[in-house]
Amino acid sequence: MLIRTAARRRAATAATACALAVALTACSGTTKDSAEKDTATASGAAAKADPDAPLKKGLKLAFLPKQINNPYEKIVDEAGIAAAGEYGATGKEVGPSDANASSQVSYINTLIQQRQDAILIAANDPNAVCGPLKQAMKKDIKVVAYDSDTAKDCRQLFINQASSEEIGRSLVQHLGEQIGFQGKIAILSATQNATNQNTWIEFMKDELKLPKYKNMQLVKVAYGDDADQKSFQQTQGLLSAYPDLKGIISPTTVGIAAAARYLSDSSYKGKVVLNGLGTPNQMRKYVKDGTVEQFSLWNPEELGYLGSYAAASLASGQITGAEGEKFTAGKLGEYTIGKDGEVILGEPTVFDKKNIDKFDF
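Below or above, wherever it landed, is the structure these notes cover. (Residues numbered from 1 in each chain as written. Predicted model: local features only at pLDDT ≥ 70, side-chain atom pairs only at ≥ 80, totals over all residues. Heavy atoms only, no water.)

### Points about helix H7 (residues 195–207)
Structurally, the α-helix is built with 3.6 residues per turn, so residues lying three or four positions apart point the same way.
(1) Moving on: The terminal C-alpha atoms of H7 lie 19 Å apart, and with 13 residues this matches the ideal 18 Å at 1.5 Å per residue to within 8%.
(2) Moving on: By the burial criterion, the buried members of H7 are Thr195, Asn196, Gln197, Trp200, Ile201, Met204 and Glu207.
(3) Moving on: Here the buried face of H7 lies against helix H6 (164–178), strand E6 (183–189), strand E7 (216–223) and strand E8 (245–250). (Helix = DSSP H or I, 4+ residues; strand = E, 2+ residues; numbered from the N terminus. Expected span 1.5 Å × (residues − 1). Buried < 20%, exposed > 50% of the residue type's maximum accessible area, 1.4 Å probe, protein only. Contact = heavy atoms within 4.5 Å.)

Structure follows, in structure tokens:
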């Protein structure tokens, strides 16, 4: 009897406390409505766009590349920081020295504490960065992925260099033409978790299923982790394991430059075709000495410039990241947001001996 009475008293006390607190916590800690509100806040779905709103002055933007010493991403970030000056904002670049999956997490946490207005990130892993990025969005810090995407619910926009399908398929098409659509080929990628690399590779594999590639065989996907020396060693390893290799596709600026350096001083120069994505300044000497016939890339300065204006448009309330919204990216003109918050810069450029000296980046 005493046990029952005590239990009843405890239950009554708990019920009273719950009744008093229900407006704040509903006893469970989170109501369905508050959970939905948090989700809406994190995704930006609850916000309304004001296309006539001016870009805010004094915005603070932070660029977080895959790794701080990546020459390609240095070009992207510096262009984005310079663009911020055009509309009265300030930008900075911070990031890890390695491209490991979780290496960017601590930097995101610091940027949240600093109350940046926008974080622009080239993700090393689509999911490892999601927790802190969602926290950033809950605090009304805008998140824009560029170059390498996060999971879709962890950012408002993804600034894509070009159509992922076009990049992947065109690299296979170019290499196929160069080797007469015959022989063994390999791919030298960046990290195993890089979203952009993996997406392009899937389209490469799908392209290779077409009948015209029936005499081409993908024998290996190697990973140089966007590190110069490891990419160099991976190239050496590929040719040691497959001495009859006809071509290598390296869809990473670090990888293609390292592979070209190895080929240029080896007996494979002129025998193994190298194609992929690189910057003209990195690849110029290899094009001119005959190591590489052609390669592709978009303008990384324009990628950073576009990302900067997109982030500012978000932070100023001009857009929310919804499909169909439009914004103006300075000298690049107007862009329209596509499905899943994707904004595409444009078509990649193919570089060869005829045009490479026209570019300086």
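### A closer look at the pattern of salt bridges
(1) Moving on: Inspection of the entire model under this criterion finds 13 salt bridges.
(2) Moving on: A salt bridge links Asp153 to Lys134; its shortest N-O distance comes to 3.1 Å. Of this pair, Asp153 sits in the loop between strand E4 (142–146) and strand E5 (157–160) while Lys134 sits in helix H5 (residues 130–138); the two residues are 19 residues apart in sequence, bridging distant segments of the chain.
(3) Moving on: According to the relative accessible area criterion, Lys134 is partly exposed, its value standing at 31%.
(4) Moving on: In this structure, the salt-bridge partner of Lys184 is Asp244, at a minimum N-O distance of 3.2 Å. Of this pair, Lys184 sits in strand E6 while Asp244 sits in the loop between helix H8 (228–241) and E8, and the two are 60 residues apart along the sequence.
(5) Moving on: With relative accessibility at 27%, the residue Lys184 sits in the partly exposed group.
(6) Moving on: Via salt bridges that share partners, Glu165, Arg169, Asp206 and Glu207 belong to a single interconnected network. (Salt bridge = Lys/Arg side-chain N within 4 Å of Asp/Glu carboxyl O.)

### Points about the environment of Gln173
(1) Moving on: Position of Gln173 among the secondary structure elements: in helix H6.
(2) Moving on: Between the C-alpha atom of Gln173 and that of Glu207, which follows or precedes it by 34 residues, the distance is 8.1 Å.
(3) Moving on: Ignoring any residue separated from it by four or fewer positions in sequence, one finds Gln173 in contact with Glu207 and Tyr213.

### Things to note about the nonpolar core
Nonpolar side chains in soluble globular proteins generally cluster together in the buried interior.
(1) Moving on: Judged by nonpolar contacts, the single largest core of 80 residues is most densely connected at Trp298 and Phe327.
(2) Moving on: At nine residues, helix H11 (residues 300–315) tops the list of elements feeding residues into this core.
(3) Moving on: One finds Leu64, Cys130, Met137 and Val143 within the second-largest nonpolar core, a separate group that totals 17 residues. (Core = buried A, V, L, I, M, F, W, Y, C linked by side-chain atoms within 4.5 Å.)

### Quick word on the packing of helix H4 (residues 105–113) against H5
(1) Moving on: At their nearest, the axes of H4 and H5 sit 9 Å apart, and the two run at 15° to each other. What the angle tells us is that H4 and H5 run roughly parallel. For the pair H4 and H5, the crossing hand works out as left-handed. Contacts between H4 and H5 involve Val105, Ile108, Asn109 and Ile112 from the former and Pro132, Leu133, Gln135 and Ala136 from the latter.
(2) Moving on: Taken together, the residues that form the contact of H4 with H5 break down as six nonpolar, two polar and no charged. (Axes fitted to C-alpha atoms, helices over the stretch in contact; angles between N-to-C directions. Parallel < 35°, antiparallel > 145°, perpendicular 65-115°, else oblique. Left-handed = near helix turned anticlockwise from the far one by under 90°. Nonpolar A, V, L, I, M, F, W, Y, C, P; charged D, E, K, R; others polar.)

### Comments concerning the sheet that holds strand E3 (residues 118–121)
(1) Moving on: On the basis of which strands lie adjacent, the open sheet formed by six strands has the order E2-E1-E3-E4-E5-E13 and parallel pairing. A single partner strand is all that each edge strand has here, and the edge strands are strand E2 (90–93) and strand E13 (342–344). Pairwise comparison of adjacent strand axes, ignoring direction, gives a mean angle of 20° for this sheet.
(2) Moving on: Looking at chain direction, E3 and E4 are connected through four bridges and run parallel. Counterpart to Ile121 in the pairing with E4 is Ala145.
(3) Moving on: Lying on the sheet, helix H3 (residues 71–86) is in contact with strand E1 (60–64), E2 and E4; it crosses E2 at an angle near 165°. (Pairing = 2+ DSSP bridges.)

Remember that the coordinates give geometry; whether it matters functionally is a separate question.
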